[in-house]
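Observations on the three-dimensional arrangement
What follows is the residue order along each chain.
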Amino acid sequence: MDGLLTSEPDAATTSAPAGGDALQRLASLLAVDLAATNAAIIARMASEVELIPQLAAHLIAAGGKRLRPLLTLASARLCGYHGERHVRLAACVEFIHTATLLHDDVVDESDLRRGLASANAVFGNKASVLVGDFLFARAFELMVADGSLEVLRILCNASATIAEGEVLQLSTQNDLGTDIPRYFKVIEGKTAALFAAACEVGAVVAQRDAATCAALSAYGSALGMAFQLVDDALDYAADQDELGKTVGDDFREGKLTYPVLIAYADGDAQERRFWQRTIEAGDQTEVDLKTAFDLIARHDAIGRTIARAQAFALDAKAALAPLPDDPVRGLMMEAADYAVSRRR
């Protein structure tokens, strides 16, 4: 799970804390709710099947940003909610997210997750897929226990959309004929959908009107788009130790990401042949990753990807404009800027 806490603070912070990045400060502001969410996650990780808590402990050790459950907690708090449903739904969102990570690492044959050996590298593909299924089942238990058909609709639709996005990505892999709108449809599905749902259910449990629910959904969707675009850029620009995963994985796996689409579209005939050989045909040598980095740099594909991410971040902040001006909203807006400026 995404960096579970080990203790619960005495009281929630009432003003935005100083220090750290936006997500750290948002986590501090919502510390009581986050601790309760972490406790709910741990409780529902329990199983008599020993491999399940063992693999869960491995995921917990890997840490993470805890962004998606934080969005549920923040959205509920921003909407004035004072009950406990948002805690269970934040845990539900995290289960969905972690289940997709387990499945993705198997599909992508990834060896690292957040700087540590991925679960599939340690426990094998079969165990990772099955524990991912277990987490999905736990997520749906939490949805049903919440009792809201609207919450169930939002999170079920998001789960289906994530799967569709992953399948669409698989179908576009190695296909340089993929255009930007189709690429955006991939990341809307595999990343932005859960961000949007995580925010929207926070408004739903607070019984806010349709306009508020739509505003928070729009915020989450735009934030997710920005987040994924930056992920795409970091795969070609980050320091591997800082990033926490192997740099160049997208290239090795033949994934069509925004920087590659830019470099291919703007490249000359020789450059296009390089991408056709390495991405479409999967014929790669030891020096090809450096060549890919050079071509990405030549066409300023990283800068242009970040610029597109910044546009989505602005959309995210604009979506929050009608909501109450308080420390939670301020940090949610800063989280949009952090999504673009982060280095991992």
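Remember, it's a predicted structure, so these values are computed and weren't measured experimentally.

How each quantity is defined
- Residues numbered from 1 in each chain as written.
- Predicted model: local features only at pLDDT ≥ 70, side-chain atom pairs only at ≥ 80, totals over all residues.
- Heavy atoms only, no water.
- Helix = DSSP H or I, 4+ residues; strand = E, 2+ residues; numbered from the N terminus.
- Buried < 20%, exposed > 50% of the residue type's maximum accessible area, 1.4 Å probe, protein only.
- Contact = heavy atoms within 4.5 Å.
- Areas by Shrake-Rupley, 256 points an atom, 1.4 Å probe, with all protein chains shown as cover.
- 1 Å grid on protein atoms, 1.4 Å probe; cavity = no way out; pocket = protein on both sides within 12 Å on 5 of 7 lines; lining within 4 Å.
- Points joined across faces, edges and corners; volume = space filled by probe spheres on them.
- Nonpolar A, V, L, I, M, F, W, Y, C, P; charged D, E, K, R; others polar.
- pLDDT = per-residue confidence, 0-100.
- Salt bridge = Lys/Arg side-chain N within 4 Å of Asp/Glu carboxyl O.
- Expected span 1.5 Å × (residues − 1).
- Phe/Tyr/Trp six-rings, centres within 6.5 Å; stacked < 30°, edge-to-face > 60°.
- Core = buried A, V, L, I, M, F, W, Y, C linked by side-chain atoms within 4.5 Å.
- Axes fitted to C-alpha atoms, helices over the stretch in contact; angles between N-to-C directions.
- Left-handed = near helix turned anticlockwise from the far one by under 90°.

Counting its regular elements, the protein chain contains 17 helices and two strands. The proportion of buried residues among the 344 residues of the protein chain is 55%. Expressed as a percentage of contacts within the protein chain between residues at least 6 apart in sequence, the contacts between residues at least 24 apart total 76%. Carbon together with sulfur atoms contributes 52% to the accessible area of the protein chain, which is approximately 14,400 Å² in total.

It is worth spelling out empty space enclosed by the protein at this point. Counted under the stated rule, the structure contains two cavities of 30 Å³ or more. By volume, the second largest cavity is sized at about 60 Å³. Around the second largest cavity, the lining residues are Q169, T172, Q173, T178, Y183, V186 and L256. Elements represented by at least two residues in the lining of the second largest cavity include exactly α8 (149-172) and α9 (180-205). Within the lining of the second largest cavity, the residues separate by chemical class into three nonpolar, four polar and no charged.

A residue-level look at the protein chain finds 86% of positions with pLDDT of 70 or above and a mean pLDDT of 87. Of the regions scoring below 50 in pLDDT, residues 1-14 engages in 43 contacts with residues more than four places distant in sequence or in other chains.

As a further point, take the pattern of salt bridges. This structure, assessed with the given rule, holds 15 salt bridges. The shortest N-O distance in the salt bridge between R25 and E334 comes to 2.3 Å. Residue R25 is found in helix α1 (residues 22-29), and its partner E334 is found in helix α17 (residues 327-341); the two are separated by 309 residues along the sequence. R25 gets classed as buried once you look at its relative accessible area, which sits at 15%. D325 is paired through a salt bridge with R329; the nearest N and O atoms lie 3.5 Å apart. Residue R329 is classed as buried on the basis of its relative accessible area of 12%. Put simply, D250, E253 and K255 are held in one network by salt bridges that share partners.

Here we take up helix α7 (residues 125-146). Between the first and last C-alpha of α7 there are 32 Å, a value that for 22 residues agrees with the 32 Å anticipated at 1.5 Å per step. Of the residues making up α7, those classed as buried are A127, S128, V131, G132, F134, L135, F136, R138, A139, L142, M143 and D146. Looking at the residues trailing α7, positive phi occurs at G147, about 85°.

This part is about the packing of aromatic side chains. Per the stated rule, a full pass over the model turns up nine aromatic pairs. Ring centres of F184 and F312 lie 5.7 Å apart, and the angle between their planes is 90°; on these two criteria the pair is classed as edge-to-face. One end of the pair, F184, is in helix α9; the other, F312, is in helix α16 (residues 301-319), with 128 residues separating them in the sequence. For F312, a relative accessible area of 16% corresponds to the buried category. Ring centres 6.3 Å apart and planes at 10° place the aromatic pair F251 and F274 in the stacked group. A residue pair is termed long-range when its members are at least 10 positions apart, and F251 in helix α12 (residues 249-252) and F274 in helix α14 (residues 269-280) qualify at 23 residues.

Formed by 106 residues in total, the largest nonpolar core has its most connected members in L155, L216, Y219 and W275. With residues near it in sequence (within four places) discarded, Y219 still touches L71, C199, A316, A319, L320, M332, M333, A335 and A336.

Right, let's get into the packing of helix α4 (residues 67-78) against α17. A pair of packed helices can be characterised by two numbers: the angle between their axes and the separation between those axes. Across the interface, α4 lies against α17 with an axial gap of 9 Å and an inter-helix angle of 145°. Along this stretch, α4 crosses α17, giving a crossing that reads as left-handed. Together, A74, S75, R77 and L78 of α4 and V328, R329 and M332 of α17 make up the contact between the two elements. When the residues that make up the contact of α4 with α17 are grouped by side-chain class, the tally is four nonpolar, one polar and two charged.

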